Amino acid sequence: IIDLQVFPDGDRLVTLGIGGRAVIWDIGSGEALRLLSTDALARHTHVRVAGEDAVVTGVSLAPEDPAIIWNITAAAPAHRISQPHGWIRLLEASCSSQIVFTSGWDESVFVWSAESGHLERVLTAPSMITSVRVIGHGSGVVGSTVDRVGVWDRTGKVRGDVYVGT
């Protein structure tokens, strides 16, 4: 297992393993509920819960690979998302708001709808984004650079910009 995340209901878990398999598990019984598999998953290193019926996999070892938003019920890719300028290196998702955040270590955080797969907005920072995290239940996102932390609300409005030094 190279990555995992628990669903908000606390009853399910998604794991991503080496070799291109993501599995949805029932935590109580230990039973595998769904297997998600495609050739691209063999190169993905991150999995995030993006809704009650959606997970997203991405951060590939190959720059041409898109992130994949999966429909769990169908056990199939629902959408593929790609950075407009390069590959996805950072991936985060909000289950409650069904939003996926990506960055390519550039000056942008891309905000995607997990339901439609559409790019909703682009958040910009003064320098290269090195980390992305969701605030609470998807009310916003925090992105860090080498020496700054930017905070945006869900609409893309800057809530804070903190210089933290090096």
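First, a word on scope: everything that follows refers to the structure included in this document. These figures come from a predicted structure and were not determined experimentally.

We now examine the overall build of the chain. The helix and strand tally for the chain stands at zero helices and 16 strands. Summarising its shape, the C-alpha atoms of the chain cover approximately 45 × 30 × 30 Å along the three principal directions. Buried residues in the chain amount to 45% of all 166 residues. Look at the contacts in the chain between residues 6 or more apart in sequence, and 31% of them connect residues 24 or more apart. Per element, the accessible surface of the chain, about 8000 Å² overall, is 53% carbon and sulfur.

It is worth spelling out unusual backbone geometry at this point. The phi torsion at Ala 75 lies on the positive side, around 50 degrees, for a residue other than glycine. Its location among the elements puts Ala 75 in the loop between strand E7 (67–71) and strand E8 (76–81). For Ala 75, a relative accessible area of 29% puts it in the partly exposed group.

For the rest of this paragraph, the subject is the environment of Val 59. Positionally, Val 59 belongs in strand E6 (residues 54–60). The class for Val 59 is buried, based on a relative accessible area of 10%. Measuring from C-alpha to C-alpha, the distance between Val 59 and Trp 87 comes to 7.9 Å, with 28 residues separating the pair along the chain. In this view, Val 59 contacts Arg 43, His 44, Thr 45, His 46, Ile 88, Arg 89, Leu 90 and Leu 91; residues no more than four positions away in its chain are not counted.

Right, let's get into the environment of Ala 42. Within the secondary structure layout, Ala 42 lies in the loop between strand E4 (32–37) and strand E5 (44–51). Taking C-alpha positions, Ala 42 is 8.3 Å from Gly 17, a pair spaced 25 residues apart along the chain. Those residues in contact with Ala 42 that sit more than four places away from it in its chain are Gly 19 and Gly 20.

Counting buried residues along E5, six of its eight residues qualify, which places the element largely inside the surrounding structure. Relative to E6, E5 runs antiparallel, the two being bridged by six bridges. From the neighbouring strand, Gly 51 faces E6, where its bridge partner is Ala 54. Between E5 and E6, which pair antiparallel one after the other, the connecting turn spans two residues.

What follows is about the nonpolar core. One finds Phe 7, Val 14, Ile 24, Leu 36, Val 55 and Trp 70 to be the most contacted residues of the largest nonpolar core, which totals 15 residues. Residue assignment for this core shows that the elements contributing at least two residues are strand E2 (12–17), strand E3 (21–26), E5 and E7. Here Val 14 is in contact with Asp 3, Leu 4, Gln 5, Phe 7, Val 23, Ile 24, Val 47, Val 49 and Val 55, once residues within four sequence places are set aside. In this structure, Ala 50, Ile 88, Ala 93 and Phe 110 belong to the second largest nonpolar core, which totals 14 residues.

Counting buried positions along strand E10 (residues 99–103) yields five of five residues, so the element is predominantly enclosed. Side chains Ile 99, Phe 101 and Ser 103 project from E10 onto one buried face, and the interleaved Val 100 and Thr 102 project onto a second face that is buried too. Following strand E9 (residues 90–94), the chain reverses through four residues before pairing antiparallel with E10; Gln 98 in that reversal takes a positive phi of roughly 50 degrees. One ladder, built from four bridges, connects E10 with strand E11 (residues 108–113); its direction is antiparallel. Across the sheet, the residue bridging to Thr 102 is Phe 110, located in E11.

Per the counting criterion, the structure on display carries zero aromatic pairs. For Arg 12, the ring lying beneath its charged end belongs to Phe 7, and the centroid distance is 4.0 Å.

Cut-off values and rules
Residues numbered from 1 in each chain as written. Predicted model: local features only at pLDDT ≥ 70, side-chain atom pairs only at ≥ 80, totals over all residues. Heavy atoms only, no water. Helix = DSSP H or I, 4+ residues; strand = E, 2+ residues; numbered from the N terminus. Buried < 20%, exposed > 50% of the residue type's maximum accessible area, 1.4 Å probe, protein only. Contact = heavy atoms within 4.5 Å. Areas by Shrake-Rupley, 256 points an atom, 1.4 Å probe, with all protein chains shown as cover. Pairing = 2+ DSSP bridges. Core = buried A, V, L, I, M, F, W, Y, C linked by side-chain atoms within 4.5 Å. Phe/Tyr/Trp six-rings, centres within 6.5 Å; stacked < 30°, edge-to-face > 60°. Lys NZ or Arg CZ within 6 Å of the ring centre and 35° of its normal.

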